[in-house]
Amino acid sequence: MNRQKEGRLPISVVIPVRNGERTILACLESLAAQSFPPDEIIVIENGSTDQTVSRVKQWVLTQPDLHPRLVTETRKGPSAARNRGAKAAKGKTLAFIDADCIAPREWLKKISEEIRQGIDAVGGPYQGPSLPDVEKYAAMSWFFGNPDPTFSFSHPFLSRFLLGGNMALLRDAFQRIGGFDETLHTGEDLDISFRLEKAGFTLKVLPHLAVTHQIDSS
């Protein structure tokens, strides 16, 4: 895919959240501390019953330079929330992170470098004291991955697929494949990775592009 390789491609960060009062502020602060600042931050409220909304609204007022927004999506699930964020985004690059994750300071800088070099979609693993078994398996499998789509389809856990809470891609690529499948409530990131590959887009997983889970996963 041809695109501009010099200069900055605007990046919109999308964060789906539901009952994230314990973690959302740390996630937002990690984005505010990026060495390569996002052009906008879009928090997608997805049915919270705790203090998530009030905490995000207070934080938004303190960071006008980052153009943060709080958007509501009534359809439940990460796919619907992420699709709503992508629709609201203005950037040419969409970066997705989960509300219970913390991005390292160079997260967006490394993403931008890969996109500028011609990669259509890039991501990394999760790290933390206690990850679900499927995430541990996925993280290990990347070291044995093969970018060939045929291999990916026949060996799904050995392919270089992207995780929904730590991925970025060109908005054009996202739109051309129709975004996340909202009928899926799990495995939506594996599905979108396969569809990106099948459509001819280039995917890349960087083991060092890890984001940190703030709390243990169940």
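Residues numbered from 1 in each chain as written. Predicted model: local features only at pLDDT ≥ 70, side-chain atom pairs only at ≥ 80, totals over all residues. Heavy atoms only, no water.

Peer 1: How would you sum up the sheet that holds strand β4 (residues 93–97)? Please name residues and give values.
Peer 2: Two strands in a sheet stick together by hydrogen bonds in their backbones, pointing the same way (parallel) or opposite ways (antiparallel). Ordered by their spatial adjacency, seven strands build an open sheet running β3-β2-β1-β4-β8-β6-β9, and the pairing between neighbours is mixed. Strands with a single pairing partner mark the edges of an open sheet, and in this sheet they are β3 (68–72) and β9 (203–205). With direction set aside, neighbouring strand axes in the sheet form an average angle of 20 degrees. Bridge analysis of strand β1 (residues 11–17) against strand β2 (residues 40–45) gives six bridges, and the strand direction is parallel. Following the sheet pairing, Val13 is matched in β2 by Ile41. Across the sheet, helix α2 (residues 52–62) touches β1, β2 and β3, and the angle it forms with β3 is around 155 degrees. (Pairing = 2+ DSSP bridges. Helix = DSSP H or I, 4+ residues; strand = E, 2+ residues; numbered from the N terminus. Axes fitted to C-alpha atoms, helices over the stretch in contact; angles between N-to-C directions. Contact = heavy atoms within 4.5 Å.)

Peer 1: Mind laying out the sheet that holds strand β5 (residues 101–102), listing which residues take part and the relevant values?
Peer 2: With mixed pairing, the three strands of this open sheet are ordered in space as β5-β10-β7. Bordering the open sheet on either side are β5 and β7 (126–127), each of which pairs with just one other strand. As defined by bridge partners, β7 adjoins strand β10 (residues 211–213) across two bridges and the pair is classed as parallel. Considered in β10, the bridge of Tyr126 is made with Val211.

Peer 1: Lay out the side chain of Asn166 with the relevant residues and their values.
Peer 2: Note on placement: Asn166 falls in strand β8 (residues 166–170). A distance of 2.8 Å separates a polar atom in the side chain of Asn166 from a polar atom in the side chain of Trp107. Filtering out sequence-adjacent residues up to four positions away, Asn166 remains in contact with Phe96, Trp107, Val122, Gly123, Gly124, Pro125, Tyr126, Leu209, Ala210 and Val211. (Polar contact = N/O pair within 3.5 Å; in protein donor to acceptor, adjacent residues only side chain to side chain.)

Peer 1: Any chance you could break down unusual backbone geometry for me, citing the residues and the numbers?
Peer 2: Comment: phi is negative for the bulk of residues other than glycine, and the bulk of peptide bonds are trans. The phi dihedral of Asn19 falls on the positive side, at around 55 degrees, and the residue is not glycine. Within the element layout of this structure, Asn19 appears in the loop between β1 and α1 (24–32). Backbone geometry places His67, a non-glycine residue, at a positive phi of 50 degrees. One can find His67 in the loop between α2 and β3.

Peer 1: Tell me about the nonpolar core, and name the residues and values.
Peer 2: Counting residues in hydrophobic clusters, the biggest one holds 59 residues, and the most contacted among them are Val13, Ile15, Ile41, Phe96, Ile97, Trp107 and Leu196. Considering every element that reaches this core, the biggest residue donor is β1, with five residues. Ignoring anything within four residues of it in the chain, the contact list for Leu196 reads Ala121, Leu169, Ala173, Ile177, Phe201 and Leu203. (Core = buried A, V, L, I, M, F, W, Y, C linked by side-chain atoms within 4.5 Å. Buried < 20%, exposed > 50% of the residue type's maximum accessible area, 1.4 Å probe, protein only.)

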